[in-house]
Amino acid sequence: MRWLRRPVCLQAALLRAGGAGLRAEPRTASGIPQDAGELQGELDRFGGVSVHLARHRALHGLDAAAFRRLLEAAVQRWRSEGRVAAWLHVPILQSHFIAPAAALGFCFHHAESHSSTLTLWLGEGPSRLPGYATHQVGVAGAVFDDSTRKVLVVQDRNKLKNVWKFPGGLSEPGEDIGDTAVREVFEETGVKSEFRSLLSIRQQHRNPGAFGKSDMYLICRLHPCSFTINFCQQECLKCEWMDLEKLARTENTTPITSRVARLLLYGHREGFDKIDLSMEELPSVYTGLFYKLYHRGLPESYRATTGVD
Ligand SMILES: NC(=O)C1=CN([C@@H]2O[C@H](COP(=O)(O)OP(=O)(O)OC[C@H]3O[C@@H](n4cnc5c(N)ncnc54)[C@H](O)[C@@H]3O)[C@@H](O)[C@H]2O)C=CC1
Ligand SMILES: [Mg+2]
């Protein structure tokens, strides 16, 4: 895990703000309605405090200057109580509170569609707060038909170069890898399929298609349940069932597709257990939650001799 470093400019911002939280302000400072009271937060297990502005009805109608005084008093209180960090959750319609928070040293941690989250490190030394999401996940499906030795391939419409690749796309929040592969294959080609295993993982940093973040591109092995192609005209230029050997040899493809085609050829010949990272669902330490674990299976002979299940 990477820790968020407090930017140097933040120190300057703190100084400009007169030392956030270091200058006491009367609770009844002008501009703060009596009923605005103190900005109360919830404690987390690391010793930080979280404030959801949406839950503070008294803030409605408060101007930016009054909010700043309220926040400054709260920061001073949190510092004196030894809190390590402050998290400020700001609904998009209260974005006018972001600038005063930034003037006190708060920085963006992340933003989702209707709210942003800002943080201020209050502990000793550099910030130890974890960053937000670092990767986007794309998943493709290699739908392989054992009986004809053909595999489903597409050419993307919106790419700079027209090369053969497996149909696929970006994972949605909370979506399993296998479900993304099956969904994307169906959306792009009209072919129905079932998840069998994970075959490869590609990690690439500073990906322009991931807004400069890192990109994980995973290829799954899928079993076809239908064969009629009805490809998406917006996303694909071409789509066909291609002989696997031809895909493994063609130059008109990406290095990843080419390698996975060769892997599939080997699996078809020697058994897919030689190439599959199969999936097992297990209970998480977080009660009620489950996770999916992908790994190579232990050989039958090894399991028999060691008694490992
Ligand atoms: N090595 C390979 O063979 C390739 C790997 N990939 C990986 O696949 C994943 C993404 O797959 P895709 O098929 O590209 O995603 P996708 O299938 O989820 O969506 C692509 C579609 O999103 C729309 N779109 C994307 N950006 C847009 C924008 N800025 N404005 C308007 N519309 C936009 C376009 O309609 C585009 O066709 C990534 O992980 C990427 O790294 C993608 C292409 C080739
Ligand atoms: Mg796609």
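Our subject is the structure that appears above.
What you see is a predicted model; the values in this text were computed from it and never measured.

### A look at the site of ligand 1
Surveying the vicinity of ligand 1 reveals 18 residues, the closest of which are Asn158, Leu170, Glu188, Arg202 and Asp215. Asn158 places a polar side-chain atom, nitrogen or oxygen, 2.6 Å from an oxygen atom of ligand 1. The backbone of Gly168 places a nitrogen or oxygen atom 3.1 Å from an oxygen atom of ligand 1. Expressed as a share of its isolated accessible area of 860 Å², the protein-covered part of ligand 1 is 58%. More than half of the atoms belonging to ligand 1 lie within 2 Å of the grid points that define the largest pocket. Within the residue set of the shell around ligand 1, elements represented by two or more residues are β8 (168–170), α4 (177–189), β10 (214–224) and α6 (255–270).

### Looking at the pattern of salt bridges
In this structure the tally under the stated criterion is 15 salt bridges. Where Arg196 meets Glu194, a salt bridge forms, and the shortest distance between an N and an O atom there is 3.3 Å. Since its relative accessible area comes to 34%, Arg196 is described here as partly exposed. Classification of Glu194 as partly exposed rests on a relative accessible area of 39%. Arg202 is the partner of Asp215 in a salt bridge, and the nearest nitrogen-oxygen pair spans 2.5 Å. Of this pair, Asp215 sits in strand β10 while Arg202 sits in strand β9 (residues 193–204); the two residues are 13 residues apart in sequence, bridging distant segments of the chain. Residue classification places Arg202 among the partly exposed positions, given a relative accessible area of 23%.

Here is what the cut-offs are and how they apply
- Numbering of residues starts from 1 in every chain and runs along the sequence as written.
- For naming, the first written chain is A and the first written ligand is 1, with later ones following in the order written.
- In view of the model being predicted, local features appear only for residues whose pLDDT reaches at least 70, and side-chain atom pairs are presented and counted only at 80 or more, with totals across whole chains, interfaces and linings using the full set of residues.
- With hydrogens and water excluded, all non-hydrogen atoms of the structure serve as input to the side-chain values.
- Each residue is tested against the molecule or strand, and it is near if at least one of its non-hydrogen atoms lies within 4 Å.
- Polar contacts here mean pairs of N or O atoms no more than 3.5 Å apart (in protein, one a potential hydrogen donor and the other a potential acceptor; neighbouring residues in sequence count only if both atoms are side-chain atoms).
- Exposure was quantified through the Shrake-Rupley algorithm and a 1.4 Å probe, taking into account, for residues, occlusion by the shown protein chains and nothing else.
- Lining residues are those with an atom within 4 Å of a point, where the points come from a 1 Å grid over the protein atoms alone and group into cavities, where a 1.4 Å probe fits but cannot get out, or pockets, open sets with protein on both sides within 12 Å along at least five of seven lines.
- Being in a pocket or cavity means that more than half of the molecule's atoms lie within 2 Å of its grid points.
- Each helix corresponds to a stretch of at least 4 residues labelled H or I by DSSP, and each strand to a stretch of at least 2 residues labelled E; elements are numbered beginning at the N terminus.
- Think of a salt bridge as a Lys or Arg side-chain nitrogen and an Asp or Glu carboxyl oxygen that are within 4 Å of each other.
- Remark: exposure states derive from per-residue accessible area (1.4 Å probe, protein chains only) relative to the maximum for the residue type, with buried under 20%, exposed over 50%, and partly exposed in between.

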